[in-house]
Amino acid sequence: MSDDDAEPSSIDDPKLKALLYQATALAIDPRKDEKLKKLRSEVRKLVDDDYNPVIFCRFIATAKGVAAALEAEFGECAVDVVTGEIPSDERRERVETLGADDAKRRILVATDCLSEGINLQSYFNAVVHYDLSWNPTRHQQREGRVNRFGQKSPAVRSLLLYGADNPVDGAVIEVILRKADQIRKATGVPVPLPDDERAMTEALMKAVLLRRKRGDSNQLKLFTDLLEARKIERAWLDASEREKQSQTIFAQRA
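No experiment lies behind these values; they were computed from the predicted model shown. (Residues numbered from 1 in each chain as written. Predicted model: local features only at pLDDT ≥ 70, side-chain atom pairs only at ≥ 80, totals over all residues. Heavy atoms only, no water.)

(A) Quick peek at the overall build of the chain. A count of helices and strands for the chain gives nine helices and five strands. Overall, the chain shows an N-to-C arrangement of helices and strands of α-α-β-α-β-α-β-β-α-β-α-α-α-α. Here the chain holds 254 residues, and the buried ones make up 39% of them. Here the analysis covers contacts within the chain between residues at least 6 apart in sequence; of these, 70% occur between residues at least 24 apart. By element, 50% of the accessible surface of the chain is carried by carbon and sulfur atoms, the whole surface being about 14800 Å². (Helix = DSSP H or I, 4+ residues; strand = E, 2+ residues; numbered from the N terminus. Buried < 20%, exposed > 50% of the residue type's maximum accessible area, 1.4 Å probe, protein only. Contact = heavy atoms within 4.5 Å. Areas by Shrake-Rupley, 256 points an atom, 1.4 Å probe, with all protein chains shown as cover.)

Here's what the structure looks like:
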């Protein structure tokens, strides 16, 4: 039996075993998934307010599961899912086919394969971040597919779903997304996080493990105290300063 096929009963760690049983139960009955339940509630509000949302997920399996749940819930809507498994030309065709159905509200579930390259403003006017990206630029790219020139809707909605008691989500929101917003306001333009995802992943996981070991509930402090996190933030601030200087030198760009 491979690791991917491991049964919860074959795991020795009681906490990991409990987590696997919980994940298996949610896969069998998605109605018990609180995050998915919240998504359905928010999408219902959007649809009732005449919005056509795009829901972005990080993983292909997540996107497929979310699309299946929404299709079962929103029979009055046209629902489709586009992931990186589909060739780029077919992705565009799927989006255009979904957009051509004017008789129904439209719901598109996608991975970040659609956050660049295919404009969605003609068919959709709301973005839901079902999964947080650890790179704030990715969030801007997702929203930029919808909120761009050619959008006919007078308002574009953007929703961010996160776990209030999820230590990783908390660190991402506090340290990454809010810092990105501060830098954007200071420079006038978004400054990408100068980091490979592996370094950020390691820093976040280290903070989570430290929290478990120490029993410290201050997740944000644990993360920001890490040497890895301080290096990432320093590099980001340096990039922000370079962007400010660039705007000063080439002021005619304004």
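Picking up where we left off.
(B) Seen up close, the sheet that holds strand 2 (residues 77-82). Ordered in space as 2-3-1-4-5, the five strands form an open sheet in which the pairing is parallel. Both edges of this open sheet fall to strand 2 and strand 5 (157-160), since each of them pairs with a single strand only. Across the sheet, the mean angle separating the axes of adjacent strands is 15 degrees when strand polarity is ignored. Sitting on the sheet, helix 3 (residues 60-73) touches strand 1 (53-56), strand 2 and strand 3 (105-110), and the angle it makes with strand 2 is about 170 degrees. (Pairing = 2+ DSSP bridges. Axes fitted to C-alpha atoms, helices over the stretch in contact; angles between N-to-C directions.)

(C) Focus on the pairing of strand 3. Judged by how many residues are buried, strand 3 sits mostly within the fold: five of six residues are covered. Bridge count for strand 1 against strand 3 is three bridges, and the pairing is parallel. When the sheet's bridge partners are listed, Phe56 is paired in strand 3 with Ala110. Of the strand pairs in this sheet, strand 2 and strand 3 are connected by six bridges, and their pairing is parallel. The residue bridging Asp80 from the neighbouring strand is Leu108, located in strand 3. In the classification by handedness, the crossover that spans strand 2, the intervening helix 4 (residues 88-99) and the parallel strand 3 is right-handed. (Right-handed = clockwise from strand over helix to strand, strands pointing away.)

(D) Layout of the pattern of salt bridges. Inspection of every chain in the model, using the stated rule, returns 11 salt bridges. Salt-bridge contacts for Arg142 lead to Asp112; the nearest nitrogen and oxygen are separated by 2.7 Å. Linking Arg142 in helix 5 (residues 136-144) with Asp112 in the loop between strand 3 and strand 4 (126-129), this pair joins segments that are 30 residues apart in sequence. Comparing Arg142 with Asp112, the two get one shared label, buried. Through salt bridges with shared partners, a single network forms among Lys38, Glu42 and Lys45. (Salt bridge = Lys/Arg side-chain N within 4 Å of Asp/Glu carboxyl O.)

(E) Expanded view of the packing of helix 2 (residues 34-48) against helix 3. Remark: helix 2 packs on helix 3, axes separated minimally by 11 Å, with the N-to-C direction vectors making an angle of 50 degrees. Classed by the angle they form, the pair helix 2 and helix 3 counts as oblique. Where helix 2 crosses over helix 3, the two elements pack in a sense that is right-handed. Along its contact with helix 2, which presents Leu36, Leu39, Arg40 and Arg44, the element helix 3 presents Val66, Ala69, Leu70 and Glu73. Classifying every residue of the contact of helix 2 with helix 3 gives five nonpolar, no polar and three charged. (Parallel < 35°, antiparallel > 145°, perpendicular 65-115°, else oblique. Left-handed = near helix turned anticlockwise from the far one by under 90°. Nonpolar A, V, L, I, M, F, W, Y, C, P; charged D, E, K, R; others polar.)

(F) Spatial organisation of the pairing of strand 1. Where burial is concerned, the two faces of strand 1 agree: the one with Pro53 and Ile55 and the one with Val54 and Phe56 are both buried. Looking at chain direction, strand 1 and strand 4 are connected through four bridges and run parallel. The residue of strand 4 that forms the bridge with Ile55 is Val128.

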